[in-house]
Amino acid sequence: MTHKPAIPKIKVMETSRYSRQILFWGIGAQGQEKLGESFVVLVKAIAAQRRLRAINSEVRIEGIVADFDPSNAEDLVRGADLILDGLDNFETRFLINDVSLKLGIPWIYGGTVASLGMTANFIPGQTPCFRCYQPELPPRESIQTCDTAGIINSAPLIVGAIQSAEAIKILVGSADISRDLVMFDLWKNIFSRAPLQRMIDRCPACEGDFAFLRGESVAKVIRLCGQNAVQIWNPAVAPPSLLQLAERLRPSGEVFVNEYLLRFRTGEMELVLFYDGRMVVRGTTEIVTARSFLARYIGT
Ligand SMILES: [Zn+2]
């Protein structure tokens, strides 16, 4: 790989730091040895890199700053034992799913918004894949994000804790790996789980048709020269209901909507979303900044 983009790779080393973990029957010395040889990719995670380095200098961490996209996805995860989802958008999850199936690497989904959380393990050859469960990108107006619906800080902690325990189980080869979709509403203190369902008879990704990895179903991104703006358009996503989206965005900023476009402004940034699904983010020429803004407010 000539250019290594934004993903910390974590190599776990064994020390007495793990003595209590070794005492635990589900891991033991043998399990700890496997963890010590493991290579995990966390998408993305520069904040995690800083935190992990502060906690444990014996873990080898490589942070890579770049968009995880079809051009670099395979190089970034090749050789990994596990991929951990720390993402804020659906499109990249579909990409992770493609690359996971193609290279035979398990990945752990985790999502949270408001007081809700959800996590699941996707293990090639053993469980349905993410696309079996969620065949298409969800409509934009249906997605809630932490910047539109808010979040309580304990919800991501629980999702992270479950992901972390499942990661250890996958890496040590435990028979107790979850094959369910785990969901909770922390505000109502409701925890539930259900077997991962296949929602379609024939899943293109499971049959080796990796449209997201080929770049066909991912957004086309163009810097608009001289306009301090970036245009993002994914023809694979159905055009949104502008009125519904406007209602969802109203608490988070200034909104104008008519039948042709929706304009949303917050801080120095502005989003113009057209009726055909084309989006223009004004206030930046940086693609990473524009995509991050969309992930925060549109969820994709
Ligand atoms: Zn599938």
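Everything numeric in this text was worked out from a predicted model, so none of it was measured. (Residues numbered from 1 in each chain as written. Predicted model: local features only at pLDDT ≥ 70, side-chain atom pairs only at ≥ 80, totals over all residues.)

1. Describing the pairing of strand E8 (residues 190-195)
Consideration 1: Counting buried positions along E8 gives zero out of six residues, so the element sits mostly on the surface.
Consideration 2: In this sheet, E8 lies alongside strand E7 (residues 180-185) in antiparallel orientation, the contact comprising six bridges. Across the sheet, residue Met183 finds its bridge partner in E8, namely Ser192.
Consideration 3: Adjacent in sequence and paired antiparallel, E7 and E8 are bridged by four residues, among which Asn189 carries a positive phi angle near 55°. (Buried ≥ 20, exposed ≤ 12 C-beta atoms within 10 Å, placed from the backbone. Helix = DSSP H or I, 4+ residues; strand = E, 2+ residues; numbered from the N terminus. Pairing = 2+ DSSP bridges.)

2. Section: helix H7 (residues 154-172)
Consideration 1: The terminal C-alpha atoms of H7 lie 27 Å apart, and with 19 residues this matches the ideal 27 Å at 1.5 Å per residue to within 8%.
Consideration 2: Along H7, the residues classified as buried are Ala155, Val159, Ile162, Gln163, Glu166, Ala167, Ile168, Ile170 and Leu171.
Consideration 3: On its buried side, H7 packs onto helix H2 (28-36), strand E2 (39-43), strand E4 (82-85), strand E5 (107-113), strand E6 (116-122) and E7.
Consideration 4: At the C-terminal side of H7, Gly173 shows a positive phi close to 75°. (Expected span 1.5 Å × (residues − 1). Contact = placed C-beta atoms within 7 Å.)

3. Here's the deal with the domain arrangement of the chain
Bring the parts together and some accessible area is lost; that lost area is often taken as the interface size.
Consideration 1: Each assigned domain of the chain is listed with its residue range as follows: domain 1 (9-195) and domain 2 (220-297).
Consideration 2: In this structure, domain 1 and domain 2 have C-alpha centres spaced 29 Å apart.
Consideration 3: The interface of domain 1 with domain 2 comprises 11 residues on the first partner and 17 residues on the second.
Consideration 4: When the residues that make up the side of domain 1 that touches domain 2 are grouped by side-chain class, the tally is two nonpolar, three polar and six charged. (Domains from an automatic or database assignment. Nonpolar A, V, L, I, M, F, W, Y, C, P; charged D, E, K, R; others polar.)

4. Digging into the pairing of E2
Consideration 1: In terms of residue burial, E2 counts as a mostly covered element, since four of its five residues are buried.
Consideration 2: By the bridge criterion, four bridges tie E2 to E4 in an arrangement that is parallel. The partner of Val43 across the bridge, within E4, is Asp85.

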